[in-house]
Amino acid sequence: MDPVAFPDPARPSEYRFFLLDTGETHDTRLFVTHFLEQMKDDAYLKRIREEYLPLNRKLIRILLGEDAGDPAMVLAMISDFQYQAFRRMIPDPMVDLWLEGLVSHQFYLKLNGSGGGYLLGICHADSADGLEARFGDDLLWVL
């Protein structure tokens with residue numbers, strides 16, 4: 001597969017973004033229903049509004065060159081949040097890999113939509129060859 005073009009003039013050259021095919025797809029309705037049920041809990045809703053959404057906005061602003069910051073650090077925080085709050089949505093075969101990234105700091109993973117089977121990831125450019133060798137055709141470089 002060819003890399004996906006990303007027209008970002010502020011592209012962080014020390015990092016590489018990738019999509020990782022989990023090999024699994026899920027029924028989006030089940031995840032949406034689960035999420036909407038969780039949103040009825042005021043504490044959960046508050047965490048989404050006050051922690052998760054600002055992190056996502058921050059990452060987008062960094063990638064667009066509108067804000068300073070380390071995209072890997074922000075994606076690490078998003079990854080940790082998703083592991084805690086959206087664990088049910090992470091495919092079971094990916095849980096150990098998800099935790100490996102959080103612990104090793106070699107890469108970080110993020111859910112990419114609901115049910116499509118791909119995870120968004122970021123790694124330091126120096127780690128790219130190792131990930132490519134490890135995941136082969138299941139890895140698609142975005143940046």
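Structure: above.
A short tour of the structure in this document, coming up. In this text the structure is predicted, and so the values were computed from the model without any measurement.

## A short note on the overall build of the chain
Item 1. In terms of helices and strands, the chain carries five helices and four strands.
Item 2. Going through the 143 residues of the chain one by one, you find that 42% of them count as buried.
Item 3. For the chain, contacts bridging at least 24 residues in sequence account for 65% of all contacts bridging at least 6.
Item 4. Only carbon and sulfur atoms are counted for the fraction: they give 54% of the accessible area of the chain, which is about 8200 Å².

## A closer look at the packing of aromatic side chains
Item 1. Applying the stated criterion across every chain, the model contains six aromatic pairs.
Item 2. Measuring from ring centre to ring centre gives 6.2 Å for F35 and Y44, while their planes differ by 70°; the resulting arrangement is edge-to-face.
Item 3. Aromatic pair F81 and F86: ring centres 6.0 Å apart, planes at 80°, arrangement edge-to-face. Accessibility classification places F81 together with F86 in one group, the buried group.
Item 4. A network of ring pairs unites the aromatic residues F35, Y44, Y52, F81 and F86 as a single cluster.
Item 5. Over the face of the ring belonging to W141 we find R16, whose NZ or CZ atom lies 4.2 Å from the ring centre.

Calculation notes
- Residues numbered from 1 in each chain as written.
- Predicted model: local features only at pLDDT ≥ 70, side-chain atom pairs only at ≥ 80, totals over all residues.
- Heavy atoms only, no water.
- Helix = DSSP H or I, 4+ residues; strand = E, 2+ residues; numbered from the N terminus.
- Buried < 20%, exposed > 50% of the residue type's maximum accessible area, 1.4 Å probe, protein only.
- Contact = heavy atoms within 4.5 Å.
- Areas by Shrake-Rupley, 256 points an atom, 1.4 Å probe, with all protein chains shown as cover.
- Phe/Tyr/Trp six-rings, centres within 6.5 Å; stacked < 30°, edge-to-face > 60°.
- Lys NZ or Arg CZ within 6 Å of the ring centre and 35° of its normal.

Just distances and angles here, no functional claims.
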